[in-house]
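Coordinate inspection notes
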Amino acid sequence: MAAAEVARQGEGCRTVPLSGHVGFDSLPDQLVNKSVNHGFCFNILCVGETGLGKSTLMDTLFNTKFEGDPASHSQPGVQLKSNTYDLQESNVNLKLTIVSTVGFGDQINKEDSYKPIVEFIDAQFEAYLQEELKIKRVLHNYHDTRIHACLYFIAPTGHSLKSLDLVTMKKLDSKVNIIPIIAKSDAISKSELTKFKIKITSELVSNGVQIYQFPTDDESVAEINGTMNAHLPFAVIGSTEELKIGNKMMKARQYPWGTVQVENETHCDFVKLREMLIRVNMEDLREQTHTRHYELYRRCKLEEMGFKDTDPDSKPFSLQETYEAKRNEFLGELQKKEEAMRQMFVQRVKEKEAELKEAEKELHEKFDRLKKLHQDEKKKLEDKKKSLDDEVNAFKQRKTAAELLQSQAQQAGGSQTLKRDKERKNNPWLCTE
């Protein structure tokens, strides 16, 4: 389609014959040398339930043992774990990032299991967009963490896709290139595997899930990609164990009943997956991520910010006008919020003042009650003190009168005794009496 468009654009061009060799035919070599010197990055997201062999398959795909700490699968929710490795093959450097979903499918309630994955993918898009919007961009040195391929591991049940798989793939198909694979495909028979593939494809189509289709617009890979599209989803087996089969050491899995060879296309589709993912379509996956998924995210984000390509009159949209309009809209909303907060503050102050006045009134009333009660108590105490003082005075008066009477009585008794003694002296005869 792109080649036809280029041909149509070039129909009216005039070809100028060259008088000698110029040298721009070396431009592809220059691009290759520059790309090789700079290196490449590729990011894979592995989504699948615990125990489907995601880490083992990654080790098998890139023929290496990736170092990493084993993840705990007792998490309350789904967590994404990212590891970056620097690989070199011949003179080509590859910065490979593998993102695994820890705890996916382990929870009883799996309703929101897809949300952390979607948020992670959007976060990588947002980071790239923020780098693009900077005044001083360094995209040539920027580590692109956008997900280029999502390997979705399907459990080899042989029946149908789980609701969790359908919901998750439906949420991810507009954000990442999904390549469904049947993990541990040696767990079911050949005939069951064929029926399982047909069932999966039918369910994906009926539920509107868009998976990645290997491109067929390039003539050099159109035939092989068209054939491989018919083999989706790939049924794969992973193993880092090498066994001697015949005169060769091959990656295989040893069972009591026999040996499964990982790189034998009659045993599984591992070779097909490796060919399509790494050797043939890795650059297309990177390009699709940038031109399709990231552009969709970027467009939606910029539209949310108020940016458009054309105005209602189909004229080019001015970035400055858009910025000013958005700025004025933001300032207007800010003033409205500020006024609303001011009104709320004034209302709260009035309510608080009313509450304080009511409390002050209650305190005054309580003070008056206590003051009156105090005065009544004071009056009672004063009356009681007065009565006690009166009683004390009366008691003192009675005491004084009693003492006076007692002294008078003593004086009267003394005078009578003196008179009697005188009489005795004057009349001796009284003594004999």
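Residues numbered from 1 in each chain as written. Predicted model: local features only at pLDDT ≥ 70, side-chain atom pairs only at ≥ 80, totals over all residues. Heavy atoms only, no water.

A look at the overall build of the protein
- Per the secondary structure count, the protein includes eleven helices and nine strands.
- What you see for the protein is a C-alpha radius of gyration of 51 Å, clearly larger than the 22 Å of a compact globule of 433 residues, by over 25%.
- If you line up the protein on its principal axes, its C-alpha atoms span 195 × 75 × 45 Å.
- Every one of the 433 residues in the protein was classed for burial, and the buried ones make up 29%.
- Taking all contacts inside the protein whose residues are at least 6 apart in sequence as the whole, residues at least 24 apart take part in 67%.
- In the form shown here, the protein has an accessible surface area of approximately 29,900 Å², with 53% of it arising from carbon and sulfur atoms.
- Computing the positive centroid from 64 side-chain charges and the negative centroid from 68, the protein places the two 10 Å apart. (Helix = DSSP H or I, 4+ residues; strand = E, 2+ residues; numbered from the N terminus. Rg over C-alpha atoms; globule rule 2.2 N^0.38 Å. Buried < 20%, exposed > 50% of the residue type's maximum accessible area, 1.4 Å probe, protein only. Contact = heavy atoms within 4.5 Å. Areas by Shrake-Rupley, 256 points an atom, 1.4 Å probe, with all protein chains shown as cover. Lys, Arg positive; Asp, Glu negative; His and termini not counted. Charge placed at Lys NZ, Arg CZ, Asp CG, Glu CD.)

Points about the UniProt feature "coiled-coil region" (unreviewed entry) in the protein
- Those residues carrying the UniProt feature "coiled-coil region" (unreviewed entry) are residues 342-398 in this numbering.
- Each end of residues 342-398 is marked by a C-alpha atom, and these two atoms are 82 Å apart; helix forms 100% of the span and strand 0%. (UniProt positions renumbered as here; feature names shortened; annotations may be inferred.)

Details of the sheet that holds strand β9 (residues 258-261)
- Pairing is antiparallel across the open sheet formed by three strands, whose spatial order is β7-β8-β9. Two strands bound the open sheet, and with one partner strand each, they are β7 (242-245) and β9. Each strand of the sheet is rotated relative to its neighbour by a mean of 65°, with strand direction disregarded.
- Two elements, strand β8 (residues 248-255) and β9, share four bridges in a ladder whose sense is antiparallel. (Pairing = 2+ DSSP bridges. Axes fitted to C-alpha atoms, helices over the stretch in contact; angles between N-to-C directions.)

What about unusual backbone geometry?
- Following leucine 232, the chain continues to proline 233 via a peptide bond in cis, the omega torsion being -5°.
- Its location among the elements puts proline 233 in the loop between α7 (219-229) and β6 (234-235).
- Non-glycine residue serine 90 carries a positive phi angle of around 60°.
- Summarising the element assignment, serine 90 is placed in the loop between β2 (79-89) and β3 (92-102).

A short note on helix α6 (residues 190-206)
- Here α6 contains 17 residues, and its C-alpha end-to-end distance of 25 Å stays within 8% of the 24 Å for a straight helix at 1.5 Å per residue.
- Here α6 has its buried residues at Leu193, Phe196, Lys197, Ile200, Glu203 and Leu204. Buried positions in α6, seen along its axis, are confined to an arc of 135° and lie on one side of it. For α6, the exposed residues set more than 90 degrees away from the buried face come down to Lys195, Ile198, Val205 and Ser206.
- Tucked into the core, α6 has its buried residues touching β4 (149-154), α5 (163-172), β5 (178-182) and β6.
- Immediately downstream of α6, the backbone of glycine 208 shows phi near 70°, a positive value. (Expected span 1.5 Å × (residues − 1). Arc of directions from axis to C-beta.)

Some remarks on the nonpolar core
- With 71 residues, the main nonpolar core has Leu151, Leu273 and Leu277 as its most contacted residues.
- A total of seven residues in this core trace back to one element, the largest contributor, which is helix α4 (residues 115-132). (Core = buried A, V, L, I, M, F, W, Y, C linked by side-chain atoms within 4.5 Å.)

Focus: the state of the cysteines
- Here the structure, examined in full by the defined rule, presents zero disulfides.
- Distance from the sulfur of cysteine 46, which forms no disulfide, to the nearest cysteine sulfur (cysteine 150) is 8.1 Å.
- A residue is classified by how much of its surface remains accessible, and cysteine 46, at 1% relative accessible area, is buried. (Disulfide = S-S within 2.5 Å.)

What about the pattern of salt bridges?
- For the structure on display, the rule yields 20 salt bridges.
- The partner of aspartate 59 in a salt bridge is lysine 65, and the shortest N-O contact between them spans 3.6 Å.
- We classify aspartate 59 as buried; its relative accessible area is 7%.
- A cluster of three or more residues bridged by salt bridges with shared partners is formed by Lys197, Glu265, Asp269 and Lys272. (Salt bridge = Lys/Arg side-chain N within 4 Å of Asp/Glu carboxyl O.)

Structural notes on the pairing of strand β1 (residues 40-47)
- Summarising burial for β1: seven of the eight residues are buried, a large majority.
- Two elements, β1 and β3, share seven bridges in a ladder whose sense is parallel. Its bridge partner being in β3, cysteine 46 is matched across the sheet by serine 100.
- Strand direction decides the pairing type here: β1 and β4, joined by four bridges, are parallel. By the bridge assignment for β4, cysteine 46 is matched with leucine 151.

Quick notes on the packing of α4 against helix α9 (residues 282-304)
- Running from N to C, α4 and α9 point in directions that differ by 80°, and their axes come no closer than 10 Å. By the criterion of interaxial angle, the relationship of α4 to α9 is roughly perpendicular. Within the contact between the two elements, α4 uses Asp122, Phe125, Glu126, Tyr128, Leu129 and Glu132 and α9 uses Thr289, His290, His293, Tyr294, Tyr297, Arg298 and Lys301.
- When its residues are assigned to classes, the contact of α4 with α9 shows five nonpolar, three polar and five charged. (Parallel < 35°, antiparallel > 145°, perpendicular 65-115°, else oblique. Nonpolar A, V, L, I, M, F, W, Y, C, P; charged D, E, K, R; others polar.)

Some words on the packing of aromatic side chains
- Under the defined criterion, the tally for this structure stands at ten aromatic pairs.
- Aromatic side chains phenylalanine 125 and tyrosine 297 sit 5.5 Å apart centroid to centroid with 40° between the ring planes, which places their arrangement in the tilted category. With a gap of 172 residues between them, phenylalanine 125 in helix α4 and tyrosine 297 in helix α9 connect regions that are remote in the sequence. Comparing phenylalanine 125 with tyrosine 297, the two get one shared label, buried.
- With 5.1 Å between their ring centres and 85° between their planes, tyrosine 128 and tyrosine 294 make a pair best called edge-to-face. Highlighted residues: tyrosine 128 in helix α4 and tyrosine 294 in helix α9, separated in sequence by 166 residues. Judged on exposure class, the residue tyrosine 128 and its partner tyrosine 294 are both buried. (Phe/Tyr/Trp six-rings, centres within 6.5 Å; stacked < 30°, edge-to-face > 60°.)

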